[in-house]
Amino acid sequence: MEAFTEKFGIGQPVRRKEDQRLLIGGGVYTDDINIEGQVHLAFLRAPYAHARINHIDTTAAAQAPGVLAVFTGRDLEKDGVGRVESNINLKQLDGTPIFKTQRLALPTDKVRFAGEPVAMVVAETAFQAADAVELIIFDADQLPAVVTARAAGAQGAAVLHDELPDNCALHWQNDTPDAYDAVAAKAHKIVSIALTNNRVVPVPMEPKCCIAEMNPGTGRLTIYAPFQGGRRVQGAVADLLFDGERDKVRHVSDNTGGGFGTRSKIYPEIIAVCYAAKSLGRTVKWLGDRSETFVSDLHGRDQVNSAQLAFDADGKILGYRLETLVNIGAWVTENGARLAIDGGGRIVGGAYDIPVLYYSCRNMMTNTVSTDTYRGAGRPEANYIVERLMEKAAHELGIDPQELRRRNFIKTFPYTTQMGMKVDCGDFAACMDMALANSDWAGFGPRAARSQAGGKLRGIGLASFLEGAGGRPEETMRVQIQEDGSVNIICGTFSHGQGHGTVYSQIVSEKMGVPFTAIDLIQGDTDTAPAGASGTYGSRSSQMGGVAIIRACDIIIEKGKVIASHLLQADTAEVTFEAGTFSARGGSVTMAEVAKAAHDTRRLPDGLQPGLDETYHYTRDGGRDDQSFPNGCHICEVEVDPETGAVEMLAYSAADDCGTVLNPLIVHGQVHGGVAQGIGQALCEHTVYDEETGQLLTGSFMDYGMPRAHHLSHMAAEFNPIPSTNNELGVKGAGEAGCCGAPPAFVNAVLDALSSLGVKHLDMPLTPNNIWRAIHQAKAEGETH
Amino acid sequence: MDMTGEQRIAAPRQAVWDALNDADALKAALPGCEEVNKISDTEFSAKLKLVVGPVKAQFSGQVTLSDIDAPNGYTLAGQGSGGAAGFGKGEAKVTLTDDGEGTVISYTVHATVGGKLAQIGQRLIDATAKKMARQFFESFAAYLEAEGAPAGEAAAPAPAPAKVAGGQGLFWGMMGVALVILWVVNH
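Parameters and conventions
Residues numbered from 1 in each chain as written. Chains lettered and ligands numbered in written order. Predicted model: local features only at pLDDT ≥ 70, side-chain atom pairs only at ≥ 80, totals over all residues. Heavy atoms only, no water. Helix = DSSP H or I, 4+ residues; strand = E, 2+ residues; numbered from the N terminus. Rg over C-alpha atoms; globule rule 2.2 N^0.38 Å. Buried < 20%, exposed > 50% of the residue type's maximum accessible area, 1.4 Å probe, protein only. Contact = heavy atoms within 4.5 Å. Lys, Arg positive; Asp, Glu negative; His and termini not counted. Charge placed at Lys NZ, Arg CZ, Asp CG, Glu CD. Areas by Shrake-Rupley, 256 points an atom, 1.4 Å probe, with all protein chains shown as cover. Buried area = accessible area lost by both parts, 1.4 Å probe. Salt bridge = Lys/Arg side-chain N within 4 Å of Asp/Glu carboxyl O. Polar contact = N/O pair within 3.5 Å; in protein donor to acceptor, adjacent residues only side chain to side chain. Pairing = 2+ DSSP bridges. Axes fitted to C-alpha atoms, helices over the stretch in contact; angles between N-to-C directions. Expected span 1.5 Å × (residues − 1). Right-handed = clockwise from strand over helix to strand, strands pointing away. Parallel < 35°, antiparallel > 145°, perpendicular 65-115°, else oblique. Left-handed = near helix turned anticlockwise from the far one by under 90°. Nonpolar A, V, L, I, M, F, W, Y, C, P; charged D, E, K, R; others polar. Phe/Tyr/Trp six-rings, centres within 6.5 Å; stacked < 30°, edge-to-face > 60°. Lys NZ or Arg CZ within 6 Å of the ring centre and 35° of its normal.

### Brief notes about the overall build of chain A
When helices and strands are tallied, chain A shows 21 helices and 28 strands. What you see for chain A is a C-alpha radius of gyration of 28 Å, in line with the 28 Å of a compact globule of 785 residues. The principal-axis extent of the C-alpha atoms belonging to chain A is close to 95 × 70 × 55 Å. Per-residue burial over chain A gives 62% buried out of 785 residues. The long-range share in chain A, meaning contacts at least 24 apart out of those at least 6 apart in sequence, stands at 79%. Both charge centroids of chain A, one from 69 positive and one from 96 negative side chains, sit 1 Å from each other.

This is the structure:
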């Protein structure tokens, strides 16, 4: 027993058991599923960013070969299809609730962003459906469009929703500015910065798609679609199409090709496909293409920030003032308008002690697809602001940037932030020291000199960060030991790349002494997911699902002790359990033997139910405020070619405190992935809408800059684990930290490289064009002074 | 998008102006043009088969003319719709000026596109618009030569194929040069 626990237990670098199947093409994605008798659906998408719909003529399309039906929003309206409304409950300055939209899957009045679905065709083949879409005449009067948060707030801007003339869905603030103004008035120095956090397209590898299988006999609908937690799509479809009868709807997803937050939301296309299946009594398949994914998947980030830090003469922060404009797009979605507040606001001052905070956030509606959760969901934006600001402050105060950070790090725990979050533990200075050592910061000088000799400018940049992970404070998991001793972990969470099959197996293997290979993961089906399941998002699965598993295992062990006492002819209190073996009075039985007995009623003590099968609904003790707080320090080293503005990433050192590391191989992978996504945003990813027409100009991989392997350097990831005190596994969540550290570390490194040229400010993405312009602008300014 | 350009045609201004009023000349010269209809003296409609990168569609367009100053120039505004492929609309100003024995056609165009065309074809639009303009002028000059316009100009382009395949007609032609042409077709 000891042997495999040592090899496969908690903390071991166990190889992912999922990979073999995925690498040989054994994964089952939605498009791999074909159901006898299925028909195909295609959407007509609005060519205009903003237009009033006059008429949608479907006559010709309805008569095209193979076409079974053409639907518009009028059909959905007529059939009483429900409308999607956000459940955000935040309040405006004056105490009134947030403005909410009621979105019908296909609009009837206006289109509000280019690419919004306006009609759909169901036909025998996918080609017939696509051809018939071309025959729909979409008659609409174009209206002026507005695509940026700033422009949406300007006088005379286009108005998206008639009930909301100022386009501001939510103007929230934590407090009045008085307290900040008071400390600012006596501050030694105030440092300000204005930043744009560029909009990104999540681009999961698997486009948005859905199969809605209608069983005419039972009237039950099964949805196959990539989704990060099936309960939500089940609930939404039941509410909107089946009068809330959840048992009428089942959601299944085996593999999902990338989540990143964008696959955790209810999309109008999914509702529309389910509606079509229900209306026709047929199985309807829709496979969105990459273009549709670009225009209609929820985007990430897109903020404009204005921030100030007030310092005393010792370089200690007196107060933080932050004003944020968020571009939430055309509809108020599930999380869009709360990301900067509940997400980023959670850790708004980053790793620093902020005694006074004024935070104002305006969520603006524009003629763009909505923004919502994208890896990090508000925390990368918040850390980016404060890290850029600290770097700038260090230069303006004349204090070494590391020293300034050290002076201001949160040092006493638990620490309650100005937003009410209780940061339980951490050692931010230790993480920074670890990153400084690993990056050989001290040896940077000679490296920079070598670069200079080659005509290049070398820079090094650092960013500390604080994350807040965990999401909804409840999750359910079921652990089932079968007669042969093998174990099923039946999940409420959903692994779509995180490696739960491996990590949960490690937890169960260690806890119960069951062989790692005898443990299976059952997930991705609302028929098997336990009640109270929530899903996977917000770096929560190990800290929520993992803890629920531990507690279910505890109950199983207790029951196992009762069975073992019966088998060993001992009192239950005498039975001990260790490494998969129950012992008492000199005798012992293994978990496998107990499992076998548990399934044999003749061998059970009187009154004990058969089976070893426990479901545990875990609710985090401290609720929403009592999350885990991953943190770390990342250092990036770059080289800039001053002639072309091209940046090359040379080295990256991550020192992360994500609490107890359950599997260092997997956590390294999560850090690498998060860093790559963060570098992508900082280096090349950029979403551009035409300001005149509202058209998405970066609508394909020809125009949207995804990071590639050659953009990245080796990434050294080290851990400084300080176990979370908020859960018994001590884990903190690792999946989103990389996105928090990478953008400020990278940008600070490039600014460092360009400091000798007088460049003081850059906004992401740091494309050669942007850097070249900044170099030449600084040069021109230098010449005029 | 904005496009400006000029093209010297080896023919006198009046001859160019007249040719620009010759429906056959324009239909033959405009890549992908399938049909042109006159609605009134200042309004026209046309159909073009256009391809921009991966986007292929038949576009229906309407053009309205203003500031007509024969044989010197005009302004035209138009829009075209390609169904699921998207739409375009724009305005073009065109002037004809003498250049020795030839004529220079100058044009400035401002236009916008939408839908798939903007999303996927945006990067290709500038290049294809220029290509389509070149194709048009080649064909147009060849037509003038064949019709007996003064020959022997060194700048006269080589004769282009009599028929331009629809696949070469690109959307920007519709919104740029195509707009310029369309008005004249039935003028």
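Anyway, onward from the coordinates.
### With respect to the overall build of chain B
Looking only at helices and strands, one finds 5 helices and 7 strands in chain B. The order of α-helices and β-strands along chain B, N terminus first, is β-α-α-β-β-β-β-β-β-α-α-α. Considering chain B as a whole, with its 187 residues, one finds that 52% of them fall into the buried category. Surface accessibility of chain B: about 7600 Å² in total, with carbon and sulfur atoms responsible for 49%.

### What to know about the interface of chain A and chain B
The interface is formed by 19 residues belonging to chain A together with 15 residues belonging to chain B. Regarding the contact of chain A and chain B, the summed buried area is about 1500 Å², with carbon and sulfur atoms giving 53% of it. Along the contact surface separating chain A from chain B lie 0 salt bridges. Taken together, chain A and chain B are joined by 5 residue pairs in polar contact (both at pLDDT 80 or more). For the side of chain A that touches chain B, the element with the highest residue contribution is helix α10 (residues 290-296) of chain A, accounting for 3 residues.

### Let's talk about the sheet that holds strand β13 (residues 303-311) of chain A
Residues and elements named next belong to chain A. If you trace the 5 strands from one edge of the open sheet to the other, you get β7-β15-β14-β13-β8, paired in mixed fashion. In this open sheet, the two edge strands, each paired with only one partner strand, are β7 (168-173) and β8 (189-197). Going from strand to strand, the sheet's axes swing by 5° on average, the running direction of each strand aside. Of the strand pairs in this sheet, β8 and β13 are connected by 9 bridges, and their pairing is antiparallel. Among the inter-strand pairings, K189 is bridged to a residue of β13, identified as F311.

### Topic: the side chain of A:R551
Residue and element names in this part refer to chain A. Looking at where R551 falls in the secondary structure, it is placed in helix α17 (residues 541-568). R551 sits in the buried class, given a relative accessible area of 18%. A distance of 2.6 Å separates polar atoms of two side chains, one belonging to R551 and the other to E728. Excluding anything up to four places from it in sequence, R551 contacts Y616, Y618 and E728.

### Quick word on the pairing of strand β5 (residues 73-81) of chain B
Residues and elements named next belong to chain B. In this structure, strand β4 (residues 55-69) lies alongside β5, joined through 8 bridges in antiparallel fashion. Paired with D69 across the strands is G73, a residue of β5. The antiparallel hairpin formed by β4 and β5 contains 3 residues in its connecting segment. The pairing of β5 with strand β6 (residues 87-99) spans 9 bridges and is antiparallel. Counterpart to G78 in the pairing with β6 is G90. Between β5 and β6, which pair antiparallel and follow one another directly, the connecting turn spans 5 residues, one of which, G83, has a positive phi of 60°.

### Brief notes about α17(A)
Given a rise of 1.5 Å per residue, 28 residues ought to cover 40 Å, and the 38 Å separating the end C-alpha atoms of α17(A) matches this to within 8%. A positive phi of about 55° marks A:Q569, the residue just after α17(A).

### What to know about the pairing of strand β28 (residues 715-719) of chain A
On a regular strand, each side chain points to the face opposite its neighbour's, so the side chains alternate between the two faces of the sheet. Residues and elements named next belong to chain A. Only one face of β28 is covered, namely the face carrying M715, A717 and F719; the face carrying A716 and E718 is uncovered. Pairing analysis gives 5 bridges linking strand β27 (residues 647-657) to β28, with the strands arranged parallel. By the bridge assignment, S653 is partnered in β28 with A716. Remark: the β27/helix α19 (residues 664-683)/β28 crossover connection has right-handed handedness.

### Considering the packing of helix α12 (residues 379-397) of chain A against helix α13 (residues 401-408) of chain A
All names here are of chain A. Orientation of α12 relative to α13, taken along the N-to-C sense of each, is 115°, at an axis distance of 9 Å. Here α12 lies roughly perpendicular to α13, going by the angle between them. The element α12 and its partner α13 pack so that their crossing is right-handed. Contacts from E387, M390, E391, A393, A394 and L397 in α12 reach P401, L404, R405 and N408 in α13. Here the residues of the contact of α12 with α13 sort into 6 nonpolar, 1 polar and 3 charged.

### Description of the packing of aromatic side chains
Here the distance between the centres and the angle between the planes together describe a pair of aromatic rings. Scanning all chains against the criterion turns up 16 aromatic pairs over all chains. Both rings, one in A:F577 and one in A:F582, keep their centres 4.5 Å apart while their planes meet at 45°; by these two values the pair is tilted. Given a relative accessible area of 0%, A:F582 falls into the buried group. Plain terms: the ring middles of B:W17 and B:Y74 are 6.0 Å apart, the flat faces sit at 55° to each other, and that makes the pair tilted. Taken as a pair, B:W17 in helix α1 (residues 13-20) and B:Y74 in strand β5 lie far apart in primary sequence, 57 residues in all. The exposure classification of B:W17 matches that of B:Y74, with both residues buried. Among the aromatic side chains, those forming a connected cluster through ring pairs are A:Y352, A:F409, A:F413 and A:F428. The residue whose ring lies beneath A:K17 is A:F516, and the NZ or CZ to ring-centre distance is 4.5 Å. One Lys or Arg, A:K208, reaches over the ring of A:Y267 and ends 4.0 Å from the middle of that ring.

Limitation: the analysis is restricted to geometry and does not speak to function.
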